[in-house]
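Listed below, chain by chain, are the residues.
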Amino acid sequence: MVESSTVSSAARRIMERADAICQRDPLEHGVGRVVFTPEHIRAREALVSWARDAGLRPSVDGVGNFWFLPASGSAPRFLMGSHFDSVPRGGRYDGALGVLLALEVAGDRCGPGGAPNDVAVVDFIAEESSRFGVGTVGSSVYAGTRSLEQALALEDSHGVAFGSLRPGLWTQLPEYDGVDPRVLDAYLEVHVDQATDLVDARAQVAVIDAIAAPTRWRVAVRGVQAHSGSAPMAGRHDALLAAAELIQRVNALARSHVGSELRATVGALDVLPNAANVIAGEAVFIVDLRVLEVDDALTFGGRFGAEVSDVMARHGVTIEVRQLLSDRPAQMDGAIAEALAEAAAAANVAAIGVSSWSAHDAMHVASLVPSGMLLVRNVGGVSHSPQEAVDVDDVDAALKVARGAIERLSGSGRR
Ligand SMILES: [Zn+2]
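All of the points below concern the structure found in this document. (Residues numbered from 1 in each chain as written. Predicted model: local features only at pLDDT ≥ 70, side-chain atom pairs only at ≥ 80, totals over all residues. Heavy atoms only, no water.)

The subject of this paragraph is the coordination of the zinc ion. Every protein donor of the zinc ion is accounted for by His83 (NE2), Asp94 (OD) and His191 (NE2), and the metal-donor separations fall at 2.0 to 2.1 Å. Each donor residue of the zinc ion lies on the same chain, and together they follow the pattern H-x10-D-x96-H. Of this pair, His83 sits in strand E3 (residues 78-83) while His191 sits in strand E5 (residues 186-192), and the two are 108 residues apart along the sequence. According to the relative accessible area criterion, His191 is buried, its value standing at 1%. (Donors = N, O, S within 2.8 Å, 3.2 Å for Na, K, Ca; no water. Helix = DSSP H or I, 4+ residues; strand = E, 2+ residues; numbered from the N terminus. Buried < 20%, exposed > 50% of the residue type's maximum accessible area, 1.4 Å probe, protein only.)

Structure, rendered in structure tokens:
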């Protein structure tokens, strides 16, 4: 796309910085900012130096989140940020866009000469689950949904504990517990779209109303293992056949659900003994359910339970269902969503409203502080991929909307 000549220098700077923190050709190799790798550490060093240039003071909390506060020492009313880590061979903008854009907004509002000095920036650590198996580590510790001890005890696939790593600037920055949520009016996270909603709607930005949360069940089907040749078709207790039927029903339940949209997937299946000439004695699979309303997870769970009983009876197998995870969906704050939508309209930016089906740091922060999220159009709609792309015009539009929303909220005296 041809860049418009009216694009702000701040939007160009965001694009340049997103490129500058890539160590290799991002289109060929993707970005490799997996948490605590050299590429991630170096990117955070650059971030600290840019934040200082913007008049912000860097500090670090116990889990490794980097905080950037107004140098004036005044208490911020607004927190903006996202994450600087990536998946392996990831895209340039997932996470980084939100942090770099936050620096621009904070930089405008922080400094001498009567500036409000009211925006702080955060780089939440380990938002991606690529290394330690769980994601949103830093934001969940800040929100208290995961303890610091639990976070530090996480181990990667080589048995390296999260808590044994304090790389880069971590030990050199002042320690700080993070902004007291009680002084904050709002948390605002800008993020690249990870789907094609915006491309399809020909919109530049989207205001998120809610972030879906996962519920997961481990389903263990136990039948009778037998010879595939000698056992007649009648009278079998085939665990894999029963599991296959139940997996079909998971999909049918999601499709026939009445209420808010939900998404259910079985993406993992283990079969024992997994041999061509043996009727399976056991099949274990995991149901991943995403809901926007807690009640929908309860309804789905109840209906799934009825299907389990039916399949048990039909196939003469036993089925054990164990809940592995049950997160609460996060509602974004209505007043912040309104401020974002109004700011978009005032700036002539085409905006739509969407729900987010992927997890973000805002999901946790929303339990502490009224929160809002703004998505920026992703040119091809792909994320977690070197192909992830944004246009500078859309970044400029998001910048205008974020600035306008903060301006509106700062005048609204919500506190
Ligand atoms: Zn992200």
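Picking up after the structure, the text goes on.
Okay, the pattern of salt bridges next. All chains considered together, the criterion is met by 22 salt bridges. In this structure, Asp288 and Arg290 form a salt bridge, with 3.0 Å as the shortest nitrogen-oxygen distance. Here Asp396 makes a salt bridge to Lys400, at a shortest N to O gap of 3.9 Å. On the criterion of helical spacing, the pair formed by Asp396 and Lys400 is a turn pair, its members being four residues apart in helix H12 (residues 392-411). Look at Lys400 and you get partly exposed, because its relative accessible area is 41%. Via salt bridges that share partners, Glu245, Arg249, Glu307, Asp310 and Arg314 belong to a single interconnected network. (Salt bridge = Lys/Arg side-chain N within 4 Å of Asp/Glu carboxyl O.)

Turning to the side chain of Arg33, a few remarks are in order. Residue position: Arg33 is located in the loop between helix H2 (26-29) and helix H3 (38-53). One buried charged side chain, Arg33, makes no salt bridge at all; its nearest oppositely charged neighbour is Glu39, positioned 5.0 Å away. Of the polar contacts made by the side chain of Arg33, one reaches the backbone oxygen of Phe84; its length is 3.0 Å. (Lys, Arg positive; Asp, Glu negative; His and termini not counted. Polar contact = N/O pair within 3.5 Å; in protein donor to acceptor, adjacent residues only side chain to side chain.)

In this approach, a probe sized like a water molecule rolls over the atoms, and the result shows the empty space that is left. Empty space within the largest pocket amounts to approximately 920 Å³. Residue lining of the largest pocket: 31 residues in total, with Thr136, Pro214, Asp327, Ala359 and Met363 positioned closest to the centre. Of all the elements in the fold, those that place two or more residues in the lining of the largest pocket are strand E7 (213-222) and helix H11 (362-365). For the lining of the largest pocket, a count of residues per class yields eight nonpolar, 15 polar and eight charged. Every residue lining the second largest pocket is counted, 13 residues in all, and those nearest its centre are Ala195, Asp197, Ser355, Ser356 and Trp357. Looking at the lining of the second largest pocket residue by residue, the classes come out as five nonpolar, five polar and three charged. (1 Å grid on protein atoms, 1.4 Å probe; cavity = no way out; pocket = protein on both sides within 12 Å on 5 of 7 lines; lining within 4 Å. Points joined across faces, edges and corners; volume = space filled by probe spheres on them. Nonpolar A, V, L, I, M, F, W, Y, C, P; charged D, E, K, R; others polar.)

So, about the side chain of His257. Along the chain, His257 turns up in the loop between helix H8 (239-256) and strand E9 (263-272). On the basis of relative accessibility, which here comes to 13%, the residue His257 falls in the buried class. Beyond its immediate sequence surroundings of up to four residues, His257 is in contact with Leu262, Asp296, Thr299 and Arg303. (Contact = heavy atoms within 4.5 Å.)

Inspection of every chain in the model, using the stated rule, returns one cavity of 30 Å³ or more. Taken together, Phe36, His40, Ile41, Arg44, Glu45, Phe66, Pro167, Gly168, Leu169 and Trp170 make up the lining of the largest cavity. Top element by residues in the lining of the largest cavity is H3. It accounts for four residues. Of the residues that constitute the lining of the largest cavity, the class distribution is six nonpolar, two polar and two charged.

What follows concerns helix H9 (residues 294-315). Taking 1.5 Å as the rise per residue, H9 with 22 residues should run 32 Å; its terminal C-alpha atoms sit 32 Å apart, in good agreement. Within the span of H9, buried status applies to Asp296, Ala297, Phe300, Phe304, Val308, Val311 and His315. Each buried residue of H9 sits inside an arc of 110° when the element is viewed along its axis, so together they form one side. Along H9, exposed side chains directed more than 90 degrees from the buried face belong to Asp295, Leu298 and Ala313. Where H9 is buried, its residues touch E7, H8, E9, strand E11 (282-291) and strand E12 (318-326). (Expected span 1.5 Å × (residues − 1). Arc of directions from axis to C-beta.)

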